[in-house]
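# Analysis of the macromolecular model
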Amino acid sequence: MQVGLIGLGAMGQGMARNLAKAGYLTAVYNRTLSKAEALAAELQIQARESIEQLATETDLLLICVSADKDVLMVVDAIAKTIRPGCAVVDMSTVSSETATLAAAKLKEKQAAFLDAPVSGGVEGANKGTLAMMVGGEADVLERVRPVLAAMTARIEHLGGVGAGQACKAVNQIMCAGINQAVTEALAFAEAQGLPMAKVIEIIGGGAAGNWFLQHRGKTMTQNQFAPGFKLALHHKDLKIAQHMAQHAGVGCPLTVATLADYAKLMAKGYGDEDISALYRLKQKR
């Protein structure tokens, strides 16, 4: 199976390295060609100058870009040259509506589509331990599963097209709640004059322990916010979740509150920091 990857951001680069290590990746494309060429040289694969060129020579195309409009632009380009029977897997985080539209565009070309957003951040992409939530036809997933397994620790089929994105929205809402709880609790601990390293260690070993506390607690309390997951991207994802919630008639007050907090931080220039930068708002003034 000839496999191509479109999008070499922080997530895409880690995915590409794991795909190449497993012997699957044959070519890559990125809007900035020099970035694709540098990674292709490192991995001893090919860099392509256009999406259309990449689509002509691959059986499976993987997409990892930032926004709904980017996914649809990429799918439109793929649709120009993709061959019948080929498959496209979109690992971006976008709306279920965008996934449904992308699938329809490719179905016209007799090509299959899966929406397969991931969770695990840059660390998971680099280590090949991502969790992947998949929507689309089960038989298509089984056909491409060995390739996807090179990037993931778990793959779960959730239903038809759009189900993967719906599940990712669940994930992003939950991340918002965890972020709110951990940053607020640690700011409280700091205000109490407690030894923060010991607080993080003991709380992390009990019922309130979680991945975010374990991996971000120490750094945030040292005012270090190097991005594992950029705050501005989580803001984008939560806007998608908010729209889906409104459409479903479900209230999501925590999402609304987090969007407001993130907007304040973005206005101060912190959008490219990790989402743990929410700690900035929680600390005692």
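Residues numbered from 1 in each chain as written. Predicted model: local features only at pLDDT ≥ 70, side-chain atom pairs only at ≥ 80, totals over all residues. Heavy atoms only, no water.

What follows deals with the overall build of the protein. Within the protein one finds 13 helices and 9 strands. On C-alpha atoms alone, the protein measures out to a radius of gyration of 20 Å, which is about the 19 Å that the 2.2 N^0.38 rule sets for 285 residues. Referenced to the eigenvectors of the C-alpha coordinate spread, the extents of the protein come out at roughly 65 × 45 × 35 Å. Every one of the 285 residues in the protein was classed for burial, and the buried ones make up 49%. Considering only contacts in the protein between residues 6 or more positions apart, those separated by 24 or more positions represent 66%. Accessible area for the protein stands at about 13,200 Å²; split by element, carbon and sulfur atoms hold 55% of it. Computed over 28 positive and 26 negative side-chain charges, the inter-centroid distance for the protein is 5 Å. (Helix = DSSP H or I, 4+ residues; strand = E, 2+ residues; numbered from the N terminus. Rg over C-alpha atoms; globule rule 2.2 N^0.38 Å. Buried < 20%, exposed > 50% of the residue type's maximum accessible area, 1.4 Å probe, protein only. Contact = heavy atoms within 4.5 Å. Areas by Shrake-Rupley, 256 points an atom, 1.4 Å probe, with all protein chains shown as cover. Lys, Arg positive; Asp, Glu negative; His and termini not counted. Charge placed at Lys NZ, Arg CZ, Asp CG, Glu CD.)

Let's shift gears to helix α5 (residues 96-107). If you check α5, its first and last C-alpha atoms are 16 Å apart, about what 12 residues at 1.5 Å a residue would give, namely 16 Å. Taken together, the buried positions of α5 are S96, T98, A99, A102, A103 and L106. For α5, the angular spread of buried residues about the axis comes to 155°, placing them on one side. Buried residues in α5 make contact with α4 (68-81), β5 (87-90), β6 (112-115), α8 (163-191) and α11 (231-248). (Expected span 1.5 Å × (residues − 1). Arc of directions from axis to C-beta.)

Moving on: the side chain of E273. With respect to the helices and strands, E273 occurs in the loop between α12 (253-267) and α13 (279-282). Residue classification places E273 among the buried residues on the basis of a relative accessible area of 18%. When sequence neighbours within four positions are dropped, the list of residues in contact with E273 reads F225, P227, F229, K230, L231 and R280.

When you line up the elements, M132 lands in strand β8 (residues 130-135). Overall, the relative accessible area of 2% leaves M132 in the buried class. Taking the C-alpha atoms as reference, M132 lies 26 Å from Q46; in sequence the two are 86 residues apart.

With that out of the way, let us pick up the packing of α8 against α11. Where α8 contacts α11, the axes come no closer than 9 Å and their chain directions differ by 115°. With respect to the hand of their crossing, α8 and α11 are arranged in left-handed fashion. Here A166, A169, Q172, I173, C175 and A176 of α8 lie close against α11, whose contacting residues are H234, D237, L238, A241 and M244. (Axes fitted to C-alpha atoms, helices over the stretch in contact; angles between N-to-C directions. Left-handed = near helix turned anticlockwise from the far one by under 90°.)

Right, let's talk about the pattern of salt bridges for a bit. Overall, the coordinates contain 14 salt bridges when judged by the stated rule. Residue K69 is joined to D70 by a salt bridge in which the shortest nitrogen-to-oxygen separation is 3.4 Å. Looking at K69, the relative accessible area reads 62%, which means it is exposed. Here the residues in one salt-bridge network are R31, K69 and D70, joined through shared partners. (Salt bridge = Lys/Arg side-chain N within 4 Å of Asp/Glu carboxyl O.)

Moving on, we come to the packing of α4 against α5. Two elements in contact, α4 and α5, have axes whose closest approach is 10 Å; the angle formed by their N-to-C orientations is 5°. By the angle between their directions, the pair α4 and α5 is classed as roughly parallel. Of the residues in α5, those touching α4 at D68, V71, L72, V75, D76 and I78 are T98, L101, A102, K105 and L106. Partitioned by chemical class, the residues of the contact of α4 with α5 number 7 nonpolar, 1 polar and 3 charged. (Parallel < 35°, antiparallel > 145°, perpendicular 65-115°, else oblique. Nonpolar A, V, L, I, M, F, W, Y, C, P; charged D, E, K, R; others polar.)

Quick look at empty space enclosed by the protein now. Counted by the stated rule, this structure contains 1 cavity of 30 Å³ or more. Empty space within the largest cavity amounts to approximately 40 Å³. Every residue lining the largest cavity is listed: T93, V94, Q165, K168, A169, Q172, D237 and I240. Within the residue set of the lining of the largest cavity, elements represented by two or more residues are α8 and α11. Here the lining of the largest cavity takes 4 residues from α8, the largest share from any one element. Looking at the lining of the largest cavity residue by residue, the classes come out as 3 nonpolar, 3 polar and 2 charged. (1 Å grid on protein atoms, 1.4 Å probe; cavity = no way out; pocket = protein on both sides within 12 Å on 5 of 7 lines; lining within 4 Å. Points joined across faces, edges and corners; volume = space filled by probe spheres on them.)

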